[in-house]
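If you want the building blocks of each chain, they are given just below.
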Amino acid sequence: PDTTVTLGAHYRKGDNDGVSTGVVTAADGHFLDLPRSTYLGTDFDYWRQTDKTVFAELEHRFSNGWRGKLAATHKAPEIDTHFSGLSRSGDSLRFNSQAYRAETSQTSYDAYLNGNFNLFGRQHDVTIGASHRQSKKYSYGGWAPYSWTNAAPVVDPFHWDPHALTAPSIDYSRWHIRSDTQQSGIYASTRLRLTDPLSLIVGGRVSWYKDDAGYSIAREVTPYAGIIYDLDQHHSLYASWTEIFQPQSALDAHLQPLKPISGTNIEAGVKGEYFAGALNASAAVFQIEQQNRGIDDLSGPNPCPGSQWGYCQRASGEVRSEGVELEASGALTPNWQL
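What counts and how
Residue positions within a chain follow its written sequence, with the count starting from 1. Whole-chain, interface and lining totals are the exception, using all residues; otherwise, since this is a predicted model, local features are given only for residues with pLDDT of at least 70 and side-chain atom pairs are given and counted only at 80 or more. Neither water nor hydrogens contribute to the side-chain values; these are computed over all heavy atoms in the structure. Secondary structure elements follow DSSP: runs of H or I of four or more residues count as helices, runs of E of two or more count as strands, with numbering from the N terminus. Every radius of gyration here is taken over C-alpha atoms, with the globule rule written as 2.2 Å times N^0.38, N being the number of residues. We call a residue buried when its accessible area falls under 20% of the maximum for its residue type, exposed when it is over 50%, and partly exposed in between, using a 1.4 Å probe and counting protein chains only. Any pair of residues with heavy atoms lying within 4.5 Å of one another is described as a contacting pair. The accessible surface values rely on the Shrake-Rupley method and a 1.4 Å probe; as for residues, cover is taken only from the protein chains in view. Charged-residue counts in this description rest on Lys and Arg as positive and Asp and Glu as negative, His and the chain ends being excluded. Where a charge sits is defined by one atom per residue type, namely NZ (Lys), CZ (Arg), CG (Asp) or CD (Glu). In these notes, a set of buried Ala, Val, Leu, Ile, Met, Phe, Trp, Tyr and Cys residues joined through side-chain atoms within 4.5 Å is what counts as a nonpolar core. Only the six-membered ring of Trp is used, alongside the rings of Phe and Tyr, when aromatic pairs are assigned; centres must lie within 6.5 Å, and planes under 30 degrees apart are stacked while those over 60 apart are edge-to-face, with the rest tilted. Put simply, a charge is over a ring when the Lys NZ or the Arg CZ is close to the ring centre, within 6 Å, and near the line of the ring normal, within 35 degrees. Here a strand pair is declared whenever DSSP counts at least two bridges between the two strands.

S.K.: Please give an account of the overall build of the chain that cites residues and values.
M.R.: Each helix and strand in the chain was counted, giving zero helices and 16 strands. What you see for the chain is a C-alpha radius of gyration of 26 Å, clearly larger than the 20 Å of a compact globule of 338 residues, by over 25%. Taken over the C-alpha atoms alone, the chain extends approximately 80 × 45 × 40 Å along its principal axes. Per-residue burial over the chain gives 29% buried out of 338 residues. Residue pairs in contact within the chain that sit at least 24 positions apart in sequence constitute 64% of those at least 6 positions apart. Of the accessible surface of the chain, which amounts to about 20,300 Å², a share of 54% is contributed by carbon and sulfur atoms. In the chain, 28 positive and 37 negative side-chain charges are present, and the distance between their average locations comes to 6 Å.

Structural data, given as structure tokens:
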């Protein structure tokens with residue numbers, strides 16, 4: 001009665017004819033007066049995806065109110081795509097054709113305990129856990145012999161025929177990328193009820209990260225803290241602070257992954273609940289500062305190998321985002337949400 005085992009599997013297959021890479025503009029950047037139905041791909045473009053997932057969970061509810069959970073997930077997506085693009089050569093638009101395939105896998109494990117404890121006559125909450133994730137990717141591809149050359153077919157976007165060209169041969173050996181990243185961590189958090197209206201939330205994670213490009217981080221500490229004060233039965237004030245440590249899969253022009261994003265996130269605000277929860281409102285101010293965030297590297301290839309379109313990435317300097325956020329949501333009637 002106190003233990004639950006969950007097993008599951010998910011399979012999805014998508015076979016899409018055609019890939020849209022957008023609509024071109026004029027050489028000076030202004031929009032062309034093209035019909036909404038314009039499609040500048042070909043009838044041999046395709047985007048095929050297969051996603052296979054299996055997962056298992058074991059949960060046990062202890063007699064003292066504590067709960068423990070073990071979870072494991074394995075995902076194995078595959079992609080096979082052939083797509084078209086346009087490049088400008090003087091006043092002419094020229095056709096290029098590309099293709100790539102990708103085989104990826106991600107295996108993750110998570111284990112945690114949560115419950116409550118009594119201290120100084122009050123009951124508090126605590127969660128402790130550990131996790132591990134390994135991600136692997138192998139992708140490869142190439143392009144038609146005429147792509148990005150003056151031998152490429154000229155395209156008239158006003159009179160384009162998606163059946164006009166035959167599928168070219170693709171040399172899939174032009175580029176390939178292998179990556180293997182591992183991330184492990186231990187984490188803990190607690191909610192301390194200091195007084196009836198005042199709660200303090202503190203926690204943190206210690207992370208280990210490494211990839212096959214030689215970049216690794218050991219014992220990266222990511223702390224966070226928050227405080228909540230109940231003004232009355234309808235309103236609460238809160239403030240929170242957290243450090244940021246976020247590994248990213250973006251590649252630079254040398255096809256190496258960027259270093260993890262780091263930074264801080266500060267937020268403060270007020271939340272309200274009315275009509276027994278039928279109406280909720282909040283107002284907050286926030287400031288996020290990040291380093292190593294990926295942005296387009298305009299000096300590199302476009303598209304970046306391993307992607308359908310877009311530049312490779314490079315690490316930016318400090319990026320700051322700050323502002324005010326206002327939100328209200330609720331039930332106008334039992335059947336209408338606003």
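S.K.: An account of the nonpolar core is needed here, citing residue identities and associated values.
M.R.: Formed by 15 residues in total, the largest nonpolar core has its most connected members in Phe95, Tyr146, Val155, Trp160, Ile170 and Tyr172. Looking at which element gives the most residues to this core, the answer is strand 4 (residues 92–119), with three residues. The next biggest cluster of nonpolar side chains, apart from the first, holds eight residues, and it includes Val19, Ala102, Trp175 and Leu251.

S.K.: Summarise the environment of Gly263; cite the residues concerned and give the values.
M.R.: Summarising the element assignment, Gly263 is placed in strand 11 (residues 261–274). C-alpha of Gly263 to C-alpha of Asn292: the two residues are 29 residues apart in sequence and 9.0 Å apart in space. In contact with Gly263, other than residues within four places in its own chain, are Thr242, Glu243, Ile244, Glu289, Gln290 and Gln291.

S.K.: Can you lay out the packing of aromatic side chains for me, pointing to particular residues and giving the numbers?
M.R.: The tally for this structure, following the rule as stated, stands at eight aromatic pairs. Summarising the aromatic geometry, the rings of Phe83 and Tyr100 are spaced 6.4 Å apart at their centres and angled 85 degrees between planes, so their arrangement reads as edge-to-face. Taken together, the residues span a long stretch of sequence, with Phe83 in strand 3 (residues 67–89) and Tyr100 in strand 4 at a distance of 17 residues. Note on Phe83: relative accessible area 1%, which makes it buried. Three or more aromatic residues joined by ring pairs make a cluster, and in this case those are Phe83, Tyr100 and Trp175. Arg101 extends its terminal NZ or CZ atom over the ring of Tyr172, reaching a point 4.1 Å from the ring centre.

S.K.: Hey, could you go over the pairing of strand 9 (residues 216–230) for me, with residue numbers and the actual values?
M.R.: One ladder, built from 12 bridges, connects strand 8 (residues 198–211) with strand 9; its direction is antiparallel. Bridge pairing in strand 9 places Ser207 opposite Glu220. Turn length for the strand 8-strand 9 hairpin, with the two strands adjacent in sequence and antiparallel, is four residues, and the turn residue Gly214 shows positive phi of about 100 degrees. Where strand 9 meets strand 10 (residues 235–246), seven bridges bridge the pair, whose relative direction is antiparallel. In the strand pairing of strand 10, Asp230 is matched with Ser236. Turn length for the strand 9-strand 10 hairpin, with the two strands adjacent in sequence and antiparallel, is four residues.

S.K.: Can you tell me about the pairing of strand 4, naming the residues and giving the values?
M.R.: Two strands pair when backbone bridges link them, and strand 3 and strand 4 are joined in this way by 21 bridges, in the antiparallel orientation. Looking across to strand 4, one finds that Thr81 is bridged to Tyr100. Between strand 3 and strand 4, which pair antiparallel in sequence order, lie two residues; one of them, Gly90, sits at a positive phi of approximately 65 degrees. Note: strand 4 against strand 6 (residues 154–155), two bridges, orientation antiparallel. Bridge pairing links Leu93 to Val155 in strand 6. Relative to strand 5 (residues 122–143), strand 4 is paired through 22 bridges, and the arrangement is antiparallel. Note that in strand 5 the partner of Ser108 across the bridge is Arg133. Joining the antiparallel neighbours strand 4 and strand 5 is a turn of two residues, in which Phe120 adopts a positive phi near 55 degrees.

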